[in-house]
Every structure is written in structure tokens, then in C-alpha cells.
Amino acid sequence: MKILYISGAFPPMKCGVGDYLYQLLSEIRKMPNLDISLITSVGCIEQMQGVSIYPIIKRWDFTALPQIIKTVKEIRPDIVHIQYPTIGYKKYLSPSFLPALLKILGIKKIVQTWHEPLSKKGLFRYFPNTLVDSIIINVESDYLNKLPSFYAYLLKKKSRYYIPISSNIPISKLDNREKLSLRKRIFKEQYDKNIIAYFGFVTPNKGLEYLFEAANPEEDCILLICELKENDKYHDKIRKIINSSKWKGNVEVTGYLPDKEVANYLSIADMAVFPFIKGCSERNGSVLAARLQNTFVITTSFEKKGYFENERIYYVHPKSKKELEQAIVESRKHNIYHRKHSSSLVKSWSEIAKMHVDVYKITKRNNQKRAENGVV
């Protein structure tokens, strides 16, 4: 079976969808009887064992279509799987017309992964995606509920599958002695304080300032596994908080770290806090990374409140300093929250790869009921 993937981003380009696809292809390429290709942007990685990569698209406007047509004809894939959105597509509309173009070229099976809910500004952008018969994969189980009713109606008529994402960060291999040593190296004499970790990009919708308002420097140290750049207004705001009289000497900022080191730093934390303004979703890879290390997580939700043992997550309302403070205090006191759970709470990339291949093998005649329930 020949599978062609199309994505506007792939490493080393910084894009969550590109990183996701890298992890997915790293597992799919190990499976037998699959011939895998990828069309992506110029400047992306050119080699991956078991995958033929075509980093040929300079700009994803309509001038890219002749290159795509030529490459598709050369590869002659059985299936084309397109990722939406990616940073490489920018605001160009042409990627949304790719399913229709591929259908004209005679591709019988087209798969699209829609990673994010549609923004109001981009409502028209996805309409061309719906014009042809194709399979839609979503990475959130309640994706339809996050769509405008018009798009929810259109997608209900299509074959849809829910396949979750996993963490791009591996499981830490540090033992307890090594974790203690790392805590001492980072926080020195304060290593026995309650260590609160945050990992991920630092943008206004991450709500990082609420963590500093809710935590207590008398009892907590904060470990920011992230970059704080110069000439960024929001980063400057966070930097001022870190250097304030209240927090000075109680915060460590790691800067960029390789994936294995990120895993190690998350594993030494007593808890990881993600005070997202828009609430946490299943596609928040930073939360998955913390859960994979068996690190207790506090994050935000508009629907959930309190501790969910099956997820090992404590939910608070976004922007609520009071609820977040209460969650941190309770977590310090109650050891039950810190009881170790199996990392099987997060699906492995090998499981996710198998779920994709199962979808590729499903014929058009498969009933909608299975599509509603997802592939398990």
C-alpha cells in the first residue's frame, strides 16, 4: 500500500503538527508492506529512514499545485493523507483545495486530519475540504461540539474517526536517586520545596501569570521548561514577575532543552501546572508529556472541576486564581494525588500508528457507527 502524506510542516520547522507527523511516521514506517512518502515545505528535514521525503514547496499558494500534481503522478499513491493546519500553510487557501484536486487526479482514498477547531476568521477556509468524499480524522473526542453547527452538519455525513495524539516527549529513565540529584542541582538548598513545573510555549493564552499569582514562594519553587525570548511583550511580563521581590530566587528557566532532558525535568516535579486561558484539550502535548512522567497535573477546563482520578488531573476554571491556589494547596497536602499511575494513561505512538493503518484499510462501505465511535 502506497501512502502519501502532505504537510506544510515537518522538523526542523517549529510546528506542533509537524512534530506530531514526525512521531507518527517514525512508527508507521516500521510496519510491513507500506510504501511511505511525504510532500512538505522547503527547509524541512530531507531524510528519514523508510520515508521518501519531498521538501519541495516554497509557498503553499496556488503556484504550488503544479509541483504537487507532478509529484503525485510520480508516486501514484493508493492513499493521500493531508494534515490541517500547519504553520507552513500560513493563510493560503490552496491547501484546502487539495482534496478536490486529488480526486480529479484519480486518488480513490483521501484522508484529512483536522487538528484544531475552526476559528471564526477561518470558517470559509475549510469549506473546500468538505466538497469531496474523504475520511476525516480528529484528535479530540468531542471535536464536533467545538465546530459551528454548519460544519458539524457537514462532518456528520462523512466517515469520521477519533485518534488521539501522544506526547512528543519520551518517558524519563531516571531512577529516584538520579531524580533527587537533579532536584538538588537545579534548586540547591531549596530542593525539598514543592516543585511546580510548566512546559511548553509561552504565549498570553497559556495564562502563566496565574501560576505565579496562585503559588506561594514560601513553599513552592517554579520550574519553567521553556524559552523566554527578548523583545516579546508577554515574555517581558513573565520575566518581570520572575525578578520581582516576591519570586526572585525561587524560579528556574531552563531555556530550550532536548526531548530527553525535558522528560527528566518534568519527572522531578511534584506537580505540573498548565493554567490555559482557553482550557485544556486532548491535543495539548505538554500536558501529555507531564502525564507520561507520572507527574501530577493541574490544568483548566470550562466543563470539568476538581480531581479526576481516571485522568490523574485536577481541573480548575480558567483565570480563577482562587481555584488554582486551592488546587495547589490541596495537592501539597494530599499524597493520594501523587500516587504513581501507569503511563498507559497516554497512548503510545505505536498504538496510534496502528489506529491510522486500520483506518487506511477500512473500505467506504464501513458503517457510520464505527466512525462515530472511533477506532479502538
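Please refer to the structure higher up on the page.
Attention here is on the structure that accompanies the text. These numbers were taken from a predicted model, which means no experiment stands behind them. Residue numbers restart at each chain and count upward from 1, following the sequence in its written direction. At least 70 in pLDDT is required for a residue's local features to be given in this predicted model, at least 80 for side-chain atom pairs to be given and counted, and no such filter applies to totals for whole chains, interfaces and linings, which use all residues. Computation of side-chain values: all heavy atoms of the structure, hydrogens and water removed.

Bringing the overall build of the chain into the picture now. Elements are defined by DSSP. Helices are runs of H or I of four residues or more, strands are runs of E of two residues or more, and each kind is numbered from the N terminus. Counting its regular elements, the chain contains 12 helices and 14 strands. The cut-offs for exposure are 20% and 50% of the maximum accessible area for each residue type, with area from a 1.4 Å probe on protein chains only; residues under the lower value are buried, those over the upper are exposed, and the others partly exposed. Relative to its 376 residues, the chain shows a buried fraction of 54%. Throughout, a contact is declared for two residues whenever any of their heavy atoms are within 4.5 Å. Restricting the contact set of the chain to residue pairs at least 6 apart, pairs at least 24 apart contribute 71%. Distance between charge centroids for the chain: 6 Å, based on 59 positive and 38 negative side chains. In this charge count, Lys and Arg are treated as positive and Asp and Glu as negative; neither His nor the chain ends contribute. Charge positions come from single atoms, namely NZ of Lys, CZ of Arg, CG of Asp or CD of Glu.

Turning our eyes to something else, we now look at helix α1 (residues 16-28). At 3.6 residues per turn, the α-helix brings residues three or four places apart onto the same side. Any helix carries an expected span of 1.5 Å times its number of residues minus one. Between the first and last C-alpha of α1 there are 18 Å, a value that for 13 residues agrees with the 18 Å anticipated at 1.5 Å per step. Judged by how many residues are buried, α1 sits mostly within the fold: 10 of 13 residues are covered. Among the residues of α1, those classed as buried are V17, G18, Y20, L21, Q23, L24, L25, S26, E27 and I28.

When you tally the buried positions in strand β4 (residues 79-84), you get six out of six residues, the bulk of the element. Residues I79, H81 and Q83 point to one face of β4 and V80, I82 and Y84 to the other, with burial holding for every one of them. DSSP calls a pair of strands paired once it identifies at least 2 bridges connecting them. One ladder, built from four bridges, connects strand β1 (residues 2-6) with β4; its direction is parallel. In the sheet register, I3 faces β4, and the bridge partner there is I79. As defined by bridge partners, β4 adjoins strand β5 (residues 109-114) across six bridges and the pair is classed as parallel. Paired with Y84 across the bridge in β5 is W114.

Every buried residue belonging to helix α2 (residues 65-75) is among L65, I68, T71, V72 and I75, and all of these are buried. Down the axis, α2 shows its buried residues gathered within 130° of arc, on one side only. For α2, the exposed residues set more than 90 degrees away from the buried face come down to P66, K70, K73 and E74. Against the buried residues of α2 lie β1, β2 (35-41), β3 (51-57) and α3 (98-104). At the C-terminal side of α2, R76 shows a positive phi close to 55°. Note that the arc is computed from the directions linking the helix axis to the C-beta atoms.

Moving on: the packing of aromatic side chains. Think of it this way: a Phe, Tyr or Trp ring, Trp meaning its six-membered ring, pairs with another when their centres are within 6.5 Å, and the plane angle makes it stacked under 30 degrees, edge-to-face over 60, tilted otherwise. According to the stated counting rule, one finds 15 aromatic pairs in the structure shown. For the ring pair Y5 and Y360, a centre distance of 6.4 Å and an interplane angle of 65° mean the geometry is edge-to-face. Here the residue Y5 occupies a position in strand β1, and Y360 occupies one in helix α11 (residues 349-361), the gap between them amounting to 355 residues. Of the residues examined, Y360 reaches a relative accessible area of 2% and is grouped as buried. A ring has a charge above it when a Lys NZ or an Arg CZ is no more than 6 Å from the ring centre and no more than 35 degrees off the ring normal. Lying across the ring of F308, K304 places its NZ or CZ 5.5 Å from the centre.

All right, on to the sheet that holds strand β12 (residues 297-300) then. Pairing is mixed across the open sheet formed by seven strands, whose spatial order is β10-β9-β8-β11-β12-β14-β13. The open sheet is flanked by β10 (251-253) and β13 (306-308), the only strands paired with a single partner. Taken over all neighbouring pairs, the strand axes of this sheet differ in orientation by 25° on average, direction set aside. Here strand β9 (residues 220-225) pairs with β10 via three bridges, running parallel. Across the sheet, I222 pairs through a bridge with V251, a residue of β10. To define axes, lines are fitted to C-alpha atoms, for helices over the stretch in contact only, and angles between the resulting N-to-C directions are given on a 0 to 180 degree scale. The sheet contacts of helix α10 (residues 321-333) involve β8 (194-199), β9, β11 (271-274), β12 and β14 (313-316), and relative to β14 the element is tilted by about 155°.

A pairing counts as a salt bridge when a side-chain nitrogen of Lys or Arg comes within 4 Å of a carboxyl oxygen of Asp or Glu. Tallying each qualifying case throughout the model produces 14 salt bridges. Across the salt bridge formed by E219 and R332, the nearest N and O atoms sit 3.7 Å from each other. Highlighted residues: E219 in the loop between α6 (208-214) and β9 and R332 in helix α10, separated in sequence by 113 residues. Shared partners join several salt bridges into a network, and the residues in it are E140, D142, K146 and R283.

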